[in-house]
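One-letter residues, chain by chain:
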Amino acid sequence: MSSTVFILNGPNLNLLGTREPEIYGSTTLAEIEAQCLELADVLGFEIVFRQSNHEGDLVDWLHEAQAAGAKAVLVNAAAYTHTSIALLDAAKAIAVPVIEIHLSDPRTREDFRHVSYIGEACVDTVQGMGPGSYTEGLKRASRL
Ligand code: DQA
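These remarks concern the structure in this document.

What counts and what doesn't
Residues numbered from 1 in each chain as written. Predicted model: local features only at pLDDT ≥ 70, side-chain atom pairs only at ≥ 80, totals over all residues. Heavy atoms only, no water. Helix = DSSP H or I, 4+ residues; strand = E, 2+ residues; numbered from the N terminus. Rg over C-alpha atoms; globule rule 2.2 N^0.38 Å. Buried < 20%, exposed > 50% of the residue type's maximum accessible area, 1.4 Å probe, protein only. Contact = heavy atoms within 4.5 Å. Areas by Shrake-Rupley, 256 points an atom, 1.4 Å probe, with all protein chains shown as cover. Lys, Arg positive; Asp, Glu negative; His and termini not counted. Charge placed at Lys NZ, Arg CZ, Asp CG, Glu CD. Polar contact = N/O pair within 3.5 Å; in protein donor to acceptor, adjacent residues only side chain to side chain. Near = heavy atom within 4 Å. Nonpolar A, V, L, I, M, F, W, Y, C, P; charged D, E, K, R; others polar. Disulfide = S-S within 2.5 Å. Pairing = 2+ DSSP bridges. Right-handed = clockwise from strand over helix to strand, strands pointing away.

Here's the deal with the overall build of the protein
Next, step 1: A count of helical and extended segments in the protein gives 5 helices and 5 strands.
Next, step 2: Listed by position from the N terminus, the elements making up the protein come as β-α-α-β-α-β-α-β-β-α.
Next, step 3: Whereas a compact globule of 144 residues would reach a radius of gyration of roughly 15 Å, the protein reaches 14 Å, a difference of no more than 12%.
Next, step 4: Out of the 144 residues in the protein, the part that is buried amounts to 50%.
Next, step 5: Restricting to contacts in the protein with at least 6 residues of sequence separation, those with at least 24 account for 77%.
Next, step 6: Element-wise, carbon and sulfur atoms account for 49% of the exposed surface of the protein, whose accessible area totals about 6700 Å².
Next, step 7: In the protein, which carries 10 positive and 19 negative side-chain charges, the distance between the mean positions of the two groups comes to 6 Å.

In structure tokens:
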């Protein structure tokens, strides 16, 4: 079985570090990537780590994870979590297990964040742990 895990990040996550630090903390996306790479080494995973502000890129990368025979996808779809049926359909369309990731806990925030479309197609969700949501997601991927 492939040991590649795709970690996909949606809109505005490129601004982590300076973006609403009272909600998302001060860790940058590059630092989260470094933490994931370090843990991936221990777990024996190859990591494909990407970010885009464009919904279609995330759809394409979910398809790519399937074509690459990835072991799992961790996806922080950011605001597209709450709007995107296209991402839900893409996650449903692939056989690769998808784990939903959030830095914050959307369930404790505004009402419009309580709906997760992509979450309906995910095998697991890790949220509210800051950057630790990503590393916890990787640990859960190792148990799939
Ligand atoms: C987020 C939560 C979303 O509601 C928000 O739109 C984001 C980030 C998180 O990681 O906490 O951009 O996905």
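A look at the side chain of S104
Next, step 1: Note on placement: S104 falls in the loop between strand 4 (98–102) and strand 5 (124–127).
Next, step 2: Here R109 takes part through its side chain, which lies 2.9 Å from a polar atom of the side chain of S104.
Next, step 3: In this view, S104 contacts I23, Y24, R109, Q127 and G128; residues no more than four positions away in its chain are not counted.

Overview of the site of the ligand
Next, step 1: Close contacts around the ligand come from R19, Y24, N76, A78, A79, H82, H102, L103, S104, R109 and R113, and that covers them all.
Next, step 2: In this structure, an oxygen atom belonging to the ligand sits 2.7 Å away from a side-chain N or O atom of H82.
Next, step 3: Here an oxygen atom of the ligand sits 2.9 Å away from a polar atom, N or O, in the side chain of R113.
Next, step 4: Notes on the ligand: free accessible area 320 Å², of which the protein chains cover 99%.
Next, step 5: Class assignment for the residues of the shell around the ligand results in 4 nonpolar, 4 polar and 3 charged.

Some remarks on the state of the cysteines
Next, step 1: All told, the structure shown has 0 disulfides when counted by the stated rule.
Next, step 2: Here C122 stays free of any disulfide, with the sulfur of C36 as its closest cysteine sulfur at 16 Å.
Next, step 3: For C122, a relative accessible area of 15% gives the class buried.

Here's the deal with unusual backbone geometry
Next, step 1: The phi torsion at N12 lies on the positive side, around 75°, for a residue other than glycine.
Next, step 2: Here N12 shows up in the loop between strand 1 (4–9) and helix 1 (21–24).
Next, step 3: Relative accessible area serves as the criterion here: at 35%, N12 is assigned to the partly exposed category.

Structural notes on the pairing of strand 4
Each regular strand carries side chains that alternate between the two faces of the sheet.
Next, step 1: In terms of burial, strand 4 is a largely internal element, 5 of the 5 residues being buried.
Next, step 2: Alternating residues of strand 4 divide into V98, E100 and H102 and I99 and I101, and every residue in both groups is buried.
Next, step 3: Both strand 3 (residues 72–76) and strand 4 contribute to a ladder of 3 bridges, which runs parallel. Paired with V75 across the strands is E100, a residue of strand 4.
Next, step 4: In this fold, the crossover linking strand 3 to strand 4 by way of helix 4 (residues 85–93) has right-handed handedness.

Overview of the pairing of strand 1
Next, step 1: Within strand 1, 6 of the 6 residues are buried, leaving the element largely enclosed by the surrounding structure.
Next, step 2: Of the two faces of strand 1, the one lined by T4, F6 and L8 and the one lined by V5, I7 and N9 are each fully buried.
Next, step 3: In terms of strand pairing, strand 1 meets strand 2 (residues 46–51) through 6 bridges, oriented parallel. When the sheet's bridge partners are listed, I7 is paired in strand 2 with F49.

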